[in-house]
Amino acid sequence: MGNADKIARETARFLDNLTEFITGEDQQLDESMDSLRAQGVDPEESLRQLRQTLSEHAPTWREKAARARALLAASFETQKARAHHTRSEIEGEIRETMDSMRALGAPVEAGAYHRNFEEARDEDLESLLEDLRFQRALLLKQQDKADSNG
Amino acid sequence: MTACRERAVEILRGPDGERLWLALLDYAHKLARRRGWRIDKTLPQGFSPGEIANDVIIKVIEGERIWDEAKEPSILIALKGMVRSDIGHLFDDYEASLIEPIERTCPDGSVRTGDSFHGNHPNPEQEFLHGERVRLEMTALDLIREAVEGKSELESIFLALYESDSPKEIAQLTELPIERVYSLSRELARIASKVTPARVAREARERRKHG
């Protein structure tokens, strides 16, 4: 090993030792905070990250229960929203969709749909609305294609 | 190994958890800087020191990496070792990756084959990068030496750091009380915090300009 290599190794060892020495085990919370701030790191944000990491990857029973409760509440809200989506609102949306399809030149037999409105169940109306939305999306796509081909 | 995971989580959630986490994070940043990382840039492969530290915590609490308290009672030392290993791999991969076919015709007309490689000789790019790193490290060391010059206790700590990184061993080598060694380590940390990679690079450039 040449002298230059020896000096390089000693330098690297010194810097490694220095890094370990100045980040000793006894480093106090405020010291780490000051040091992190000096390096441009927000310690409060870092502590939030630790809490989040622990909560996501090693949740306590309280956190698990809170998460299950939140999921249940969200699911309940969705159900409630669906239940509150009134029949007349769905019918209104069906009409709007059909109008916009007609404007695109599609021959929509409104009468046929209207006749069935009164007999159809809520689920059937929602399904019809989904179907119409899909057809309208197809129409728009076809029209875009036709426009781009001149 | 579930016990190891649970114990790690218990400590990290306990009264000392936040101190340990911030100490680990500080270590990750200092170590990355020691390897030449600049604050406003990401580590090789797009990682940040904080992500490396966080990733290590996740792996330990999910059991992907094991902290065995019987072998290493200090969780901080164990976590630091993992961070050191991960950051080391990132920089080593970054500095030494060069892909080219083994068999090719060299500029002098000779044909290189697998037999042309003896042992693990570095290629010219690796040699260049190594030379650059050594130059920066020696500049950093000089800046620290200049900062401690004339302060006898810090000078003795400086010399002892060629031998050891352990405060206890450094106390023995310097014959200073251990409490004083700890207090000097804080002073040295303040000095080292001013020796930023940007300053080292600037100083190295100046030195090169002026021979």
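Residues numbered from 1 in each chain as written. Chains lettered and ligands numbered in written order. Predicted model: local features only at pLDDT ≥ 70, side-chain atom pairs only at ≥ 80, totals over all residues.

When you go through chain A residue by residue, the secondary structure sums to seven helices and zero strands. Counting from the amino terminus, chain A carries its helices and strands in the arrangement α-α-α-α-α-α-α. Scored against the burial criterion, the 150 residues of chain A give a buried share of 16%. Of all intrachain contacts in chain A linking residues separated by at least 6 positions in sequence, the fraction that spans at least 24 positions is 67%. (Helix = DSSP H or I, 4+ residues; strand = E, 2+ residues; numbered from the N terminus. Buried ≥ 20, exposed ≤ 12 C-beta atoms within 10 Å, placed from the backbone. Contact = placed C-beta atoms within 7 Å.)

Let us look at the packing of helix 7 (residues 167-174) of chain B against helix 8 (residues 178-194) of chain B. All names here are of chain B. It is at 9 Å that the axes of helix 7 and helix 8 come closest, and there the two elements cross at 110°. Here helix 7 is positioned roughly perpendicular relative to helix 8, judged by the angle of their axes. Crossing angle aside, the handedness with which helix 7 passes helix 8 is right-handed. Seen from helix 7, the contacting residues are Pro167, Lys168, Ile170 and Ala171; seen from helix 8, they are Ile178, Val181, Tyr182 and Ser185. Of the residues belonging to the contact of helix 7 with helix 8, the class tally is six nonpolar, one polar and one charged. (Axes fitted to C-alpha atoms, helices over the stretch in contact; angles between N-to-C directions. Parallel < 35°, antiparallel > 145°, perpendicular 65-115°, else oblique. Left-handed = near helix turned anticlockwise from the far one by under 90°. Nonpolar A, V, L, I, M, F, W, Y, C, P; charged D, E, K, R; others polar.)

Before going further, it helps to examine helix 6 (residues 152-160) of chain B. Along helix 6 of chain B, the residues classified as buried are Ile157(B), Phe158(B) and Ala160(B). In a view along the axis of helix 6 of chain B, the buried residues occupy a sector of 165°, so they form one face of it. (Arc of directions from axis to C-beta.)

We now examine the interface of chain B and chain A. The extent of an interface is frequently quoted as the accessible surface area lost upon association of the parts. Listed as interface residues are 42 residues of chain B and, on the opposing side, 38 residues of chain A. Those elements that provide at least two residues to the side of chain B that touches chain A are helix 1 (2-13), helix 2 (17-34), helix 3 (49-61), helix 4 (75-96), helix 5 (124-148) and helix 8 of chain B. Residue contributions to the side of chain B that touches chain A peak at twelve residues, all from helix 2 of chain B. In terms of residue class, the side of chain B that touches chain A is built from 25 nonpolar, seven polar and ten charged.

Since one α-helical turn is 3.6 residues long, residues separated by three or four positions face the same way. Residue and element names in this part refer to chain A. In this model helix 5 (residues 87-103) runs 24 Å from its N-terminal to its C-terminal C-alpha over 17 residues, within 8% of the 24 Å that 1.5 Å per residue would give. Within helix 5, burial applies to Ile94, Thr97 and Met101. Projected down its long axis, helix 5 carries its buried residues within an arc of 65°, all on one side. Projecting away from the buried face of helix 5 at angles above 90 degrees are the exposed residues Ser88, Glu89, Gly92, Asp99, Arg102 and Ala103. (Expected span 1.5 Å × (residues − 1).)

Keep in mind that low pLDDT regions are not for reading the predicted coordinates in detail. Taken over all residues, the pLDDT of chain A has a mean of 82, while the share at 70 or more is 89%. Here helix 6 (residues 110-117) of chain A is the element of chain A with the lowest mean pLDDT, 60, and helix 3 (residues 43-57) of chain A is the one with the highest, 94. (pLDDT = per-residue confidence, 0-100.)

Phi at Glu175(B) is positive, roughly 60°, even though this residue is not glycine. Overall, the presence of 7 C-beta atoms within 10 Å leaves Glu175(B) in the exposed class.

We now examine the packing of helix 2 of chain B against helix 3 of chain B. All names here are of chain B. The interhelical angle for the contact between helix 2 and helix 3, taken along N-to-C directions, is 135°, at an axis separation of 8 Å. By the criterion of interaxial angle, the relationship of helix 2 to helix 3 is oblique. Considering the relative orientation of helix 2 and helix 3, their crossing is right-handed. Along the contact surface, helix 2 presents Leu24, Leu25, Ala28, His29 and Ala32, while helix 3 presents Pro49, Gly50, Ile52 and Ala53. Of the residues contributing to the contact of helix 2 with helix 3, the split by class is seven nonpolar, two polar and no charged.

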